[in-house]
Amino acid sequence: MQGVEIAGVAEKHPDAARDALARLGITQVAADVRALIADKPDGIVIATPGRTHVRLAAETLAAGIPVLVEKPVGMNAAEARSLAEAERRSGAFVLPGHVTRFSRHHRMLHEIARSEIGAMLSFTSRRHRDDGHAVRYAEVDPVLMTMIHDIDMGLWMTGAGIRTLHAMRRPPNTVRADTMMQAAGKNGVSWQLHAAWTFAGAATPPDRVEIVGEDGSVELEAGTAIRQYGAQSRTIDLAGLPEDPLAEELAYFVQCIRSGNRPEIVTMADACEGLSIADAVIAAAKDPHDPR
């Protein structure tokens, strides 16, 4: 990024630390994030294993340094609420790493859904990944690693949380599984989310989002097209509309640091609500007969 200097990287694995030095052209690689915090950089990005996010982010906030925390922001809603409290005590802020909110394609979908298909009736999202995720992220539930994107998107797209939900996982009690969730939104919109970590090999179906309204529908096939049906029908070819949501997210983080304004596109309140839903999905998937 132009106008941004990488002040340093904290990485406890020596091989990865050497790789960071070579790729990024930086001078400081520390084994502990406290060394970076002590240098008082303008901001810190936390992209460590999920179980460490809240502790490291809280230490960063205590030093008055803004922090971008990759998902899952916390391993449960209680952790996220503790981080929100640390943010309230700090002069700094947290930007939750919910990257779909910074996707040009998803913003187009959001605009069409909110203005061109009538009152929203349902929100459906599918996000499948290869079964290597079950090895790389064995300690993180697929709801926290993958479906959390769809939960946050549902909050954003529908404009409200949920009232009740049901969930199911097959096979049960394993992360190499297919997880489905159905919910009734507080504003009457129905939700259906689907995530699977069962695909052998790298080939997985494209991410897909569909929103149905009283006057039509709009769907996104990631990287391919947005298709609108109903009174207004059209196809928007996404191949000619490149995007880089991670770059947009980082640029927004820098903008908030420079302006002194707290994030508005996605907030810790959003992250806490999303993780409350994630907690309920995980619990319901263990007992699909228990509505949450």
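Cut-offs used in this document
- Residues numbered from 1 in each chain as written.
- Predicted model: local features only at pLDDT ≥ 70, side-chain atom pairs only at ≥ 80, totals over all residues.
- Heavy atoms only, no water.
- Pairing = 2+ DSSP bridges.
- Helix = DSSP H or I, 4+ residues; strand = E, 2+ residues; numbered from the N terminus.
- Axes fitted to C-alpha atoms, helices over the stretch in contact; angles between N-to-C directions.
- Buried < 20%, exposed > 50% of the residue type's maximum accessible area, 1.4 Å probe, protein only.
- Contact = heavy atoms within 4.5 Å.
- Salt bridge = Lys/Arg side-chain N within 4 Å of Asp/Glu carboxyl O.

Student: What is the right way to look at the sheet that holds strand 11 (residues 216-221) in this model?
Tutor: By definition, the strands of a sheet pair up through backbone hydrogen bonds, in either a parallel or an antiparallel sense. Taken in spatial order, the eight strands line up as 7-8-9-6-10-11-12-13 in an open sheet, and their pairing is mixed. Looking at the sheet topology across the chains shown, the edges are occupied by strand 7 (162-170) and strand 13 (234-237). Between one strand axis and the next, the sheet turns by 10° as a mean value, whatever way the strands run. Two strands pair when backbone bridges link them, and strand 10 (residues 208-213) and strand 11 are joined in this way by six bridges, in the antiparallel orientation. Considered in strand 11, the bridge of G213 is made with G216.

Student: Hey, could you run me through the pairing of strand 10 in this one?
Tutor: Every regular strand shows the same layout, with side chains that alternate between the two sheet faces. Across the two faces of strand 10 the burial differs, with V209, I211 and G213 buried and R208, E210 and V212 not buried at all. The antiparallel pairing of strand 10 with strand 11 creates a hairpin that spans two residues between the two strands.

Student: Explain the sheet that holds strand 3 (residues 44-46) to me, please; I cannot follow it from the model alone.
Tutor: Ordered in space as 3-4-5, the three strands form an open sheet in which the pairing is parallel. Bordering the open sheet on either side are strand 3 and strand 5 (94-97), each of which pairs with just one other strand. If you compare each strand with its neighbour and ignore which way they point, the axes differ by 20° on average. Relative to strand 5, strand 4 (residues 67-70) runs parallel, the two being bridged by four bridges. Bridging from a neighbouring strand, L68 pairs with L95 of strand 5. Along the sheet face, helix 8 (residues 245-259) touches strand 3, strand 4 and strand 5 and points at about 150° away from the line of strand 4.

Student: What am I meant to see in the pattern of salt bridges here?
Tutor: Once their charged atoms are close, side chains differing in charge can pair, the charge on each being opposite to the other. Considering all chains together, one arrives at 22 salt bridges under this definition. Across the pair R55 and E59 runs a salt bridge, and its minimum N-O distance is 3.8 Å. Here the residue R55 and the residue E59 both occupy positions in helix 3 (residues 53-62), the gap between them amounting to four residues, near one helical turn. Of the residues examined, E59 reaches a relative accessible area of 22% and is grouped as partly exposed. In this structure, E85 engages R89 in a salt bridge whose closest nitrogen and oxygen atoms are separated by 3.8 Å.

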